[in-house]
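Here is how the chains run, residue by residue.
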Amino acid sequence: MIRKFLAFILFFNLTACSELQNVVNQLPQGSVLSNADIAAGLREALDFGIEKQVSKLTQKDGFYKNELVKILLPEELQKVDKGLRDIGLSNLADEGLKVLNRAAEDAVKEATPIFVNAVKDITFSDAKNILLGQDDAATQYLTSKTQTALYDKFHPVINNSFSKVGADQIWANLINKYNAIPFTTDVNPDLTNYVTTEALKGVYTMIAVEEKEIRDKVSSRSTDLLKKVFALQD
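Presented here is a report on the structure given in the accompanying data block.

Thresholds, definitions, all that
- The residue numbering used here restarts from 1 in each chain and proceeds along that chain's sequence as written.
- Restriction of local features to residues with pLDDT of at least 70 applies here, the model being predicted, together with a cutoff of 80 or more for giving and counting side-chain atom pairs; totals for whole chains, interfaces and linings are based on all residues.
- Excluding hydrogens and water, the side-chain values take into account all heavy atoms of the structure.
- Helix numbers and strand numbers start at the N terminus; a helix is a DSSP run of H or I with at least 4 residues, a strand a run of E with at least 2.
- Buried residues are those whose accessible area, probed at 1.4 Å on protein chains only, stays under 20% of the maximum for their type, while exposed residues exceed 50% and partly exposed ones sit between those limits.
- To be clear on the numbers: accessible area is Shrake-Rupley with a 1.4 Å probe, and residue cover counts the displayed protein chains and nothing else.
- The term salt bridge refers to a pairing of a side-chain nitrogen on Lys or Arg with a carboxyl oxygen on Asp or Glu at a separation within 4 Å.
- The span you would expect from a helix comes to 1.5 Å times its residue count less one.
- Bend is the name given here to the angle between axes fitted to two runs of seven residues, the run ending at a residue and the run starting at it.
- Orientation is described by axes fitted as lines to C-alpha atoms, over the contacting stretch for helices, and by angles from 0 to 180 degrees between their N-to-C directions.
- Angle categories: roughly parallel below 35 degrees, roughly antiparallel above 145, roughly perpendicular from 65 to 115, and oblique for all the rest.
- Each helix crossing is assigned a hand: it is left-handed if the near helix lies turned anticlockwise from the far helix by less than a right angle, otherwise right-handed if that turn is clockwise.
- Two residues form a contact once any of their heavy atoms are found within 4.5 Å.
- In the scheme used here, Gly and all other residues not listed as nonpolar or charged are polar, with Ala, Val, Leu, Ile, Met, Phe, Trp, Tyr, Cys and Pro taken as nonpolar and Asp, Glu, Lys and Arg as charged.
- To qualify as a nonpolar core, a set must consist of buried Ala, Val, Leu, Ile, Met, Phe, Trp, Tyr and Cys residues joined through side-chain atoms within 4.5 Å.

1. Quick notes on the overall build of the protein
Reasoning step 1: A tally of helices and strands in the protein yields nine helices and zero strands.
Reasoning step 2: Ordered by position from N to C terminus, the α and β elements of the protein give α-α-α-α-α-α-α-α-α.
Reasoning step 3: For the protein, buried positions account for 41% of its 234 residues.
Reasoning step 4: Only carbon and sulfur atoms are counted for the fraction: they give 54% of the accessible area of the protein, which is about 13400 Å².

2. Things to note about the pattern of salt bridges
Reasoning step 1: The full count for this structure, using the stated rule, is 15 salt bridges.
Reasoning step 2: For Asp61, the salt bridge identified is with Lys65, shortest N-O distance 3.7 Å.
Reasoning step 3: Between Asp94 and Arg85 there is a salt bridge whose closest N-O contact spans 2.6 Å.
Reasoning step 4: Taking the relative accessible area as the measure of exposure, Asp94 reaches 34% and is therefore partly exposed.

3. Notes on helix H4 (residues 90-121)
Working note: α-helix, 3.6 residues per turn, so residues spaced by three or four point in the same direction.
Reasoning step 1: Along its 32 residues, H4 runs 46 Å from first to last C-alpha, staying within 8% of the 46 Å computed at 1.5 Å per residue.
Reasoning step 2: At Ala111, H4 shows its largest bend, some 50°, and a proline, Pro113, comes one to four positions later.

4. Brief notes about the packing of H4 against helix H6 (residues 137-164)
Reasoning step 1: For the pair H4 and H6, interaxial distance at closest approach is 8 Å and the crossing angle is 140°. In terms of orientation, H4 lies oblique with respect to H6. Helix-helix and strand crossings are classified by hand; for H4 and H6 the assignment is right-handed. Along the contact surface, H4 presents Leu100, Ala103, Ala104, Asp106, Ala107, Val108, Glu110, Ala111, Ile114, Phe115, Ala118 and Val119, while H6 presents Leu142, Thr146, Leu150, Lys153, Phe154, Val157, Ile158, Ser161, Phe162 and Lys164.
Reasoning step 2: Of the residues assigned to the contact of H4 with H6, the class counts are 16 nonpolar, two polar and four charged.

5. Brief notes about the nonpolar core
Reasoning step 1: Counting residues in each nonpolar core, the largest one holds 64 residues, and the members touching the most others are Leu42, Phe124, Phe154 and Trp171.
Reasoning step 2: Elements supplying a minimum of two residues to this core: helix H2 (35-57), helix H3 (75-86), H4, helix H5 (127-131), H6, helix H7 (167-179), helix H8 (191-216) and helix H9 (224-231).
Reasoning step 3: What Phe124 contacts, discounting residues up to four positions off in sequence, is Asn35, Ala39, Leu42, Arg43, Leu46, Ile130 and Tyr141.

6. Description of the packing of H3 against H7
Reasoning step 1: Contact geometry for H3 and H7: axes closest at 10 Å, N-to-C directions at 70°. Looking at the two axes, H3 sits roughly perpendicular to H7. Seen from H3, the contacting residues are Leu77, Lys79, Val80, Gly83 and Leu84; seen from H7, they are Trp171, Leu174, Lys177 and Tyr178.
Reasoning step 2: Considered class by class, the residues forming the contact of H3 with H7 number six nonpolar, one polar and two charged.

Now the structure itself:
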């Protein structure tokens, strides 16, 4: 009986050691990554988001034909859109929506260095928790740390882009025509503020797309640092 018991204990220990070794074999090889290493990997993932995804927004129709980020009319302007269509100005209404997106596309092209610098300056206070968090945890952290400052820098760029693509003149014409329709309430929306906010949302959305791609697909981890860091969350 004692021999059987000792044999069982030996078998159990060997099995436990085998299971433990299997766990060890699945862990990333090499030295344990520091919080600084993980933070560097997260920054690199965000940089890839800017390089591969945000750059798409700067192309013609980058916003306008991308359903994830397309800028729609704010509630106040939806009645302008309907009012113009009701009096046969559908083409003008369509152009009004398009130029809002054109302004965002132009502005993101000018403002991309702002986002690159923001990522460089960001400090991940708890990189491990961010790494092991949701699919867009690093993007959410970037948003929380940079959105206010980036808005202040982005707003004048949007304002310039409005003039550059002619959105200011088109919308002045649209609003004047709408305000001239009998029995309507005049509108005077702050379109620069609205498009600035929506364009920023679009940028963060596309960065999150790339972050999720890197988290989900090993093949998207194109550098050694990305491979090492994101292997920890697999």
